[in-house]
Number of protein chains: 2
Amino acid sequence: MPPKKSFPQLSKIQEVELIDDLSQWALGNGLVMYPKDFKPYNAAYAPVTLFPTPFPRSQFEKGIEVAEKFGELYAKVTSNYEWLSKAIEELSQFDKGFTGKLWEVYLKAREFGIVQTKSLGLFRSDYMLDTANGEERIKQVEFNTVSISFGGLSSKVGELHSFLNSKGDYSSDKGNYYRDEDLPVSDSIKGLSEGLAQGVRYYESSESVKDTVVLFVVQHNERNVFDQRLLEYELLKSGIKSKRLTLSEVESSTAIDEATRALKLKSTGQTISVVYYRSAYAPYEFTSEKDWHARYYLEITRAVKCPSLLTQLSGAKKIQQVLTSKAVLGQFLDKESIDTLHDTFVAIHPMDDSEEGLAAQKLAFAEPERFVLKPQREGGGNNIYKQNIPEFLEGLPKSEWPGYILMELIHPPTLKNKILRDGVIIEEGILCELGIFNTVLFDESDGQILYNKAAGYLLRSKTSSSDEGGVAAGFGCVDSVYLY
Amino acid sequence: MPPKKSFPQLSKIQEVELIDDLSQWALGNGLVMYPKDFKPYNAAYAPVTLFPTPFPRSQFEKGIEVAEKFGELYAKVTSNYEWLSKAIEELSQFDKGFTGKLWEVYLKAREFGIVQTKSLGLFRSDYMLDTANGEERIKQVEFNTVSISFGGLSSKVGELHSFLNSKGDYSSDKGNYYRDEDLPVSDSIKGLSEGLAQGVRYYESSESVKDTVVLFVVQHNERNVFDQRLLEYELLKSGIKSKRLTLSEVESSTAIDEATRALKLKSTGQTISVVYYRSAYAPYEFTSEKDWHARYYLEITRAVKCPSLLTQLSGAKKIQQVLTSKAVLGQFLDKESIDTLHDTFVAIHPMDDSEEGLAAQKLAFAEPERFVLKPQREGGGNNIYKQNIPEFLEGLPKSEWPGYILMELIHPPTLKNKILRDGVIIEEGILCELGIFNTVLFDESDGQILYNKAAGYLLRSKTSSSDEGGVAAGFGCVDSVYLY
Ligand SMILES: Nc1ncnc2c1ncn2[C@@H]1O[C@H](COP(=O)(O)OP(=O)(O)OP(=O)(O)O)[C@@H](O)[C@H]1O
Ligand SMILES: Nc1ncnc2c1ncn2[C@@H]1O[C@H](COP(=O)(O)OP(=O)(O)OP(=O)(O)O)[C@@H](O)[C@H]1O
Ligand SMILES: [Mg+2]
Ligand SMILES: [Mg+2]
Ligand SMILES: [Mg+2]
Ligand SMILES: [Mg+2]
């Protein structure tokens, strides 16, 4: 192994040329988003780092190694109705606003009858490199089971950094600064699309139909639409068509066949084999009972859901916390897998009135700077960090505390990469989060796994001063790894 | 052959979906330009047609069939110094402002000594479908030998229309409206890059050097930069790097080796094997004597020029006019080629005091609506059309008339395609111009041809009410063919 390289050292002139090449490559190759208040005919490049960010090869490989084990774990959690329903039922008391609503919708669907037991997971397990013990080891931030994003742009940013490297922009003599094999490009576009295609193929063969489509359930005015489109284009290469509808358009644009519960597009009669949510992960998205009804409506169809309500619920932060117990893990996995996965966990504590919960409640006030407090929410911007925890808890009725989890902070290294955003360079140092994608097709009735495959990676970086790293929200950017 | 299809008939709802798919595909796949007053981090999709435009297959194939013959013709014209110098010398009298300046620069370079006799042509022969005699036959509008554009975006718009077709957006049942084989995607990105690569490889083998680069001589603040970048990306795939400089940056950023006249980048020492102009075709681009000197400076280097001054000058509209004579063509081509090429010509008349010229001067006043009057200019917006001709000529000293040519108008059919531009649909009907790209590497000292190959096509469409069809200028858009 050659020694670890520091970031390229460029003169001002070289940096100007790099930014020129980068900007136009990004705009010319789909590494784009819609800007705020956008017009449909104008796009901006996504915020990106100038350079790929160093990441220890062993830890990158570890993330990939555990991806399918996590896929298996969450498939099994989802399929263990007895266990999951108990956990979610309880959690619903403390998070009536969202977990409770989702659970209510699920119970209603279950009562009516759920005809599709096959379930598709497009998952992303997120890690930070923890430096706490002098070593660098990946530690899980969270496990996402619904509407995971950036699988499209991640492939693109890897291509971008590889392009800049081959172009010679990272070295003053225009040679390659990095070796190609140290700059892996994420194959998440292919991997995630293949996951969706598995759902389509399963449906078509089991129902003996052809030319079915994937329904992308999307948000109105989505700014990150190009990330989603990349999956649509890849699907179409395999002959699979897709249709985009918002939650509120679903019921007027589709119909359910009474006999088979097949879901069809009214306009064309096409059968929808897979319902793929790129929305419906946050309460603010449900603006009326109609939207909640649409979620119910889709759940009772024969289409394979990605994710089903149970799969989405298995991604609750509370479940993540419960799964940090080896005893609990032992209900789902073999001994070796338990150790391997557990290795990636930091401590996460409940905030309920169990013994551990009571201890955690004290810790939250005594040593808040060690923790992040998380509600059952997705999409960023919901957590409470460090010194803000005590005041926040004081403002919250104690009866609601169990809806939160208290997680130890991971301490990633601050790195001297630079972020480019709307033509402005931010140089204050970055923190990185590595996401590993995984796709699983499984049967919720018996936990049988039909397909389980790691599906590329995402590196998101954020300025070191911000607690959160949302790319669209403006805190972070997409990045790629340089492995050392 | 299946019968010719009319344009897809879509409902309003279908058209909205088509435009959504189109807009995001274009923005996500590099079918983009910088908008007016742009910021480097924002791009807009290029103006495009919603549908591919019907074009008779036989005439499309005819254009491709004659491409290499035209390549040969212009290589031979350029290499016949005696003939060309006489024509250009004379023309320089009447167009002192540009032809005269270019010729002056050439003579100065010749006097100093031109060391590179190999010359690279990236050409585009433009046609319209003439309906004058009840038949549809391609007739040449002009032959471009310098800074031909849209080879990049042309491949992209073909891919776009093919995508929309496969997505089912052209048919109400989401099937394929067109057969794939009737929607040829232009291979101009590959073809033009391969032309440039031929220049690089020739240089590297004859000079025994490696890792040379292609210099793109570009305009400051180019809005059509993505079209150019596509060629750079394709070159890089073959390991060939490129560098972009404006004419005014050339001399400070490069140096000429005294002994060999090799042109090198100062910053890195890289040798420039090919100088590729995407600029320097219009007088307004030369803002100072420094710019004119840069054109001279590049001409005396060992780099292969694309185009050389002689090659650029061979593309004068005056030369096009002279070449409409079979007798003149006979000096360069065999009998069969003469007939084939001549078939694509409409009448073009000189405006000098030859017998034909005097007759043309009368015609220009008597039947102006049959003609377009063209000066020796490139880049659009310079011609005088129909009824405007008499008044224009009256305002011009008669001594300058011979700097113009009088060309018969071609009468293309008006077609019911729709143009999309910045979110607005223009439905007034379109006129099309088909460009066929060609690349030639040849020796100007003896006319020997080392490489000659057709390189894809461009279909540009404009609203039927406009005389000119500049895409960047806002008159036209990029399009692709549906062959019938
Ligand atoms: N244990 C931790 N240690 C350090 N930082 C953390 C930790 N947990 C969360 N963060 C930071 O907070 C951000 C948001 O947390 P988290 O990913 O759990 O929330 P989320 O709302 O589910 O986000 P997403 O939008 O990714 O679904 C993370 O991306 C990370 O930057
Ligand atoms: N003989 C003709 N009949 C009909 N239209 C013509 C004719 N000649 C030119 N035109 C129209 O005028 C436009 C400009 O003419 P031409 O291409 O000769 O000029 P140019 O300045 O060299 O353009 P370019 O930007 O393509 O180099 C053409 O694209 C075409 O639309
Ligand atoms: Mg997260
Ligand atoms: Mg999350
Ligand atoms: Mg033209
Ligand atoms: Mg021209």
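Residues numbered from 1 in each chain as written. Chains lettered and ligands numbered in written order. Predicted model: local features only at pLDDT ≥ 70, side-chain atom pairs only at ≥ 80, totals over all residues. Heavy atoms only, no water.

What to know about the interface of chain A and chain B
Part 1: Taken together, the contact between chain A and chain B spans 42 residues of the former and 42 residues of the latter.
Part 2: Considering only the surface of chain A that becomes buried against chain B, Q24, Y41 and Y233 of chain A emerge as the three largest contributors, covering 20% of it.
Part 3: For the pair chain A and chain B, the interface holds 8 salt bridges.
Part 4: Between K167 of chain A and E232 of chain B there is a salt bridge whose closest N-O contact spans 3.9 Å.
Part 5: Between chain A and chain B we count 14 residue pairs in polar contact (both at pLDDT 80 or more) in total. (Contact = heavy atoms within 4.5 Å. Buried area = accessible area lost by both parts, 1.4 Å probe. Salt bridge = Lys/Arg side-chain N within 4 Å of Asp/Glu carboxyl O. Polar contact = N/O pair within 3.5 Å; in protein donor to acceptor, adjacent residues only side chain to side chain.)

Observations regarding the domain arrangement of chain A
Residue and element names in this part refer to chain A.
Part 1: Parsing chain A into structural domains produces domain 1 (12-346 + 410-483) and domain 2 (348-409).
Part 2: Computed from C-alpha atoms alone, the centre-to-centre distance between domain 1 and domain 2 is 26 Å.
Part 3: In this assembly, 24 residues from domain 1 lie in contact with 23 residues from domain 2.
Part 4: Of all residues in domain 1, F94, K317 and E468 bury the most surface against domain 2, accounting for 30% of the area lost on that side.
Part 5: At the boundary of domain 1 with domain 2, the tally comes to 3 salt bridges.
Part 6: Between E378 and K317 there is a salt bridge, with its nearest N and O atoms 3.1 Å apart.
Part 7: Taken together, the links from domain 1 to domain 2 amount to 7 residue pairs in polar contact (both at pLDDT 80 or more). (Domains from an automatic or database assignment.)

Some details on the relation of the copies chain A and chain B
Taken together, a rotation about one axis and a shift along it account for how the two chain copies relate.
Part 1: Taken as rigid bodies, chain A and chain B are interconverted by a rotation of 180° and an axial shift of 0.0 Å, the fit giving an RMSD of 0.0 Å. In symmetry terms, the pair is related by a two-fold rotation axis.
Part 2: Mapped onto chain B, 100% of the interface residues of chain A again fall at the interface, so both copies present the same surface. (Least-squares fit on C-alpha atoms with pLDDT ≥ 70 in both.)

Quick word on the site of ligand 1
All names here are of chain A.
Part 1: For ligand 1, the set of nearby residues contains 24 residues, the closest of which are K317, K374, G380, Y385 and E433.
Part 2: A distance of 2.7 Å separates an oxygen atom of ligand 1 from a polar atom in the backbone of G380.
Part 3: For ligand 1, the protein covers 92% of the area, taking 610 Å² as the surface of the free molecule.
Part 4: At the level of secondary structure, the elements contributing two or more residues to the shell around ligand 1 comprise β5 (118-130), β6 (137-144), β14 (371-374), β16 (405-408) and β20 (449-463).
Part 5: Take the shell around ligand 1: its biggest share by element is 3 residues, from β6.
Part 6: Each of domain 1 (12-346 + 410-483) and domain 2 (348-409) contributes no fewer than three residues to the shell around ligand 1. (Near = heavy atom within 4 Å. Areas by Shrake-Rupley, 256 points an atom, 1.4 Å probe, with all protein chains shown as cover. Helix = DSSP H or I, 4+ residues; strand = E, 2+ residues; numbered from the N terminus.)

Things to note about the site of ligand 2
Residue and element names in this part refer to chain B.
Part 1: Lining the immediate environment of ligand 2, one finds 24 residues, of which K317, K374, G380, Y385 and E433 sit closest.
Part 2: In the environment of ligand 2, an oxygen atom lies 3.0 Å from a nitrogen or oxygen atom belonging to the side chain of E378.
Part 3: Protein chains bury 92% of the 610 Å² of accessible surface belonging to ligand 2 in isolation.
Part 4: When contributions to the shell around ligand 2 are tallied by element, the ones reaching two or more residues are β5 (118-130), β6 (137-144), β14 (371-374), β16 (405-408) and β20 (449-463).
Part 5: The greatest single-element share of the shell around ligand 2, amounting to 3 residues, is contributed by β6.
Part 6: Split into classes, the residues belonging to the shell around ligand 2 amount to 7 nonpolar, 5 polar and 12 charged.
Part 7: Taken domain by domain, the makeup of the shell around ligand 2 includes at least three residues from each of domain 1 (12-346 + 410-483) and domain 2 (348-409). (Nonpolar A, V, L, I, M, F, W, Y, C, P; charged D, E, K, R; others polar.)

Considering the environment of D182 of chain A
Residue and element names in this part refer to chain A.
Part 1: On the secondary structure map, D182 appears in the loop between α5 (151-167) and α6 (188-207).
Part 2: Through-space distance from the C-alpha of D182 to that of R57 is 8.6 Å; in sequence the pair is 125 residues apart.
Part 3: Ignoring anything within four residues of it in the chain, the contact list for D182 reads R57, V481, Y482 and L483.
Part 4: Here R57 takes part through its side chain, which lies 2.7 Å from a polar atom of the side chain of D182.

Focus: the UniProt feature "binding site: Mg(2+)" (unreviewed entry) in chain A
All names here are of chain A.
Part 1: Taking the numbering used here, the UniProt-annotated feature "binding site: Mg(2+)" (unreviewed entry) corresponds to E142, N144 and E378. With the annotated positions falling across 237 residues, the maximum pairwise C-alpha distance of 10.0 Å places them together in a single cluster.
Part 2: Residue position: E378 is located in the loop between β14 and β15 (384-385).
Part 3: Every residue in contact with E378, bar those within four places of it in the chain, is listed here: E142, N144, Y281, A282, G315 and K317.
Part 4: At 3.1 Å, the side chain of E378 forms a polar contact with the side chain of K317. (UniProt positions renumbered as here; feature names shortened; annotations may be inferred.)

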